[in-house]
Amino acid sequence: MTASGPPSGQAALSAASVNASPDGHGAPTSAPSGPSPAVMPTYGRQDLVFERGEGAWLVTADGDRYLDLASGVAVNALGHAHPHLVAALTAQAGRLWHTSNLYRVEGQERVAERLVDMTFADRVFFCNSGAEACEGAIKTARRYHFVNGQPERWRIVTFEGAFHGRTIATLAAGGNPKYLEGFGPEAAGFDHVPFGDHEALERAIGPETAAIMIEPVQGEGGVRTVPDQCLKGLRDLCDEKGLLLILDEVQSGMGRTGRLFAHEWAGISPDIMAVAKGIGGGFPVGAFLATEEAAKGMTAGTHGSTFGGNPLAMAVADAVLDVVGESDFLTDVQTKALRFKQALEALKDRFPNAIAEVRGRGLLMGLKLQPALQPPAVVKAAIGEKLLLVGASDNVVRLLPPLNITDAEIAEAVERVGRALEGLEGQGR
Ligand SMILES: *Cc1c(COP(=O)(O)O)cnc(C)c1O
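All values reported here derive from a predicted model rather than from experimental measurement.

Participant: Tell me what's going on with the nonpolar core, and back it up with residues and numbers.
Facilitator: Taken as a class, soluble globular proteins show a tendency for nonpolar side chains to be buried jointly. Among the nonpolar cores identified, the biggest contains 77 residues, and Leu 69, Phe 340, Leu 389 and Leu 399 are the most heavily contacted of them. Residue contributions to this core peak at nine residues, all from helix H11 (residues 311-324). Residue assignment places this core across two domains, with domain 1 (95-324) and domain 2 (333-363 + 406-429) each supplying three or more. Those residues within four positions of Leu 69 in sequence are excluded, and the remaining contacts are Phe 340, Leu 387, Leu 388, Leu 389, Val 390, Arg 398, Leu 399, Leu 400, Pro 401, Ile 405 and Ala 413.

Structure representation (structure tokens):
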């Protein structure tokens with residue numbers, strides 16, 4: 001920060017300076033008419049600004065209400081402004097925000113123990129995002145073999161179409177050339193195999209392989225579910241070859257598929273798992289979980305995070321677990337998902353020239369579009385109907401409602417998707 005940076009301390013706390021324009025003159029009271037060039041333009045954003053949220057709805061300053069099936073990309077698992085989460089965050093905000101990991105953090109121990117009780121895992125490390133969770137999972141796997149006296153085992157097998165984040169290592173893990181371009185040499189140690197190609201997988205495994213890393217349902221990759229049989233096969237393969245199985249449940253976890261974690265459908269468990277998105281309900285929280293055995297290399301000094309698992313984050317994660325852990329919550333998600341999927345199948349029958357396939361598991365849903373139609377066109381048409389959707393690869397549009405969406409909202413959402421598709425048909429696209 002240079003001397004020309006913004007004022008610090010008390011001045012920054014006054015309402016006037018919070019609302020001040022970047023040059024310090026004037027105080028705009030409503031959202032500016034176009035995106036500010038002060039924000040690095042790395043996103044292809046919609047020109048929409050929301051002022052507040054209520055459950056499955058986002059509201060603009062003008063009072064326009066959008067039905068939110070983006071959920072901040074599967075983050076707002078309990079919708080917006082859930083009273084239990086708001087109460088937990090505000091109560092914690094008045095007590096203690098941050099102490100760093102130089103000291104014990106009570107909330108961290110509580111949330112870790114709850115996650116251990118609810119999953120396969122014995123150990124949890126908290127971080128702040130999905131990419132960090134995946135990085136930590138990769139480090140844990142490599143370190144496991146290192147302390148086992150096999151430091152040569154450090155390579156990780158990943159799958160084409162995967163998405164594990166935007167750090168240098170997780171980009172290499174995902175292997176998407178579009179995201180890697182211009183960022184220097186690709187981080188070494190990742191072997192990509194085509195999705196569903198068993199022979200290529202066997203060929204990719206060698207004496208240097210440490211782990212196999214996979215999303216049980218690819219999200220960004222186009223809502224592609226790994227069949228239960230294949231997950232079982234991966235588990236067996238890992239056991240046979242002494243590899244660790246890393247599951248990236250950043251998007252598929254925290255109840256999104258109707259089980260707490262998607263791998264539970266296959267009746268298997270991983271050695272290491274990355275979690276983020278829904279676990280914070282909108283507050284940045286990430287975590288990686290491991291069995292005691294897989295975590296045995298992660299000893300004092302091997303990994304760290306300044307913010308990871310801070311009291312604010314843990315208060316919210318604890319509250320999310322309260323709700324998602326309620327006895328009927330996950331069966332409700334399954335019931336809603338079934339209803340939603342049936343309605344989408346009916347839409348597919350009505351619009352065979354637009355929808356090629358209804359995909360997904362639980363409330364991680366996708367519409368694979370016919371080749372003549374592209375996701376951005378559908379996302380835009382949906383915005384015209386005040387409905388928020390998310391694009392994905394493989395010509396898919398994602399529907400990621402809050403897990404507590406009501407039946408009436410599901411019906412409304414399907415209506416709006418139908419009107420959007422009708423509009424596109426009317427235009428001849
Ligand atoms: C979103 C996502 C990530 C990256 O999470 P960030 O919080 O954006 O770093 C990693 N893996 C999967 C499966 C994701 O969906």
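That was the structure; now back to the text.
Participant: Could you give an account of the state of the cysteines, with specific residues and numbers?
Facilitator: Using the criterion set out here, one finds zero disulfides in the structure. Residue Cys 127 stays outside any disulfide, its sulfur separated by 8.8 Å from that of Cys 134, the closest cysteine. Looking at Cys 238, it has no disulfide partner, and the nearest cysteine sulfur is the one in Cys 230, 13 Å off. The exposure class of Cys 238 is buried, given its relative accessible area of 1%.

Participant: Would you mind going over the domain arrangement of the chain in detail, with residue names and values included?
Facilitator: Interfaces are frequently sized by the accessible area removed from exposure as the parts join. Here the chain is described as being made up of domain 1 (95-324) and domain 2 (333-363 + 406-429). Each of domain 1 and domain 2 was reduced to a C-alpha centroid, and the two centroids are 31 Å apart. Taken together, the contacts link twelve residues of domain 1 with seven residues of domain 2. Roughly 810 Å² of surface becomes buried between domain 1 and domain 2 when both sides are summed, with 50% attributable to carbon and sulfur atoms. The three residues of domain 1 that bury the most area against domain 2 are Val 223, Arg 256 and Trp 265, which together make up 41% of that side's buried surface. Inspection of the region where domain 1 meets domain 2 yields one salt bridge. Notably, a salt bridge pairs Asp 228 with Arg 361, separated by 2.9 Å at the nearest N-O pair. Inspection of the region where domain 1 meets domain 2 yields four residue pairs in polar contact (both at pLDDT 80 or more). Taken together, the residues of the side of domain 1 that touches domain 2 break down into three nonpolar, five polar and four charged.

Thresholds applied
Residues numbered from 1 in each chain as written. Predicted model: local features only at pLDDT ≥ 70, side-chain atom pairs only at ≥ 80, totals over all residues. Heavy atoms only, no water. Core = buried A, V, L, I, M, F, W, Y, C linked by side-chain atoms within 4.5 Å. Buried < 20%, exposed > 50% of the residue type's maximum accessible area, 1.4 Å probe, protein only. Helix = DSSP H or I, 4+ residues; strand = E, 2+ residues; numbered from the N terminus. Domains from an automatic or database assignment. Contact = heavy atoms within 4.5 Å. Disulfide = S-S within 2.5 Å. Buried area = accessible area lost by both parts, 1.4 Å probe. Salt bridge = Lys/Arg side-chain N within 4 Å of Asp/Glu carboxyl O. Polar contact = N/O pair within 3.5 Å; in protein donor to acceptor, adjacent residues only side chain to side chain. Nonpolar A, V, L, I, M, F, W, Y, C, P; charged D, E, K, R; others polar.

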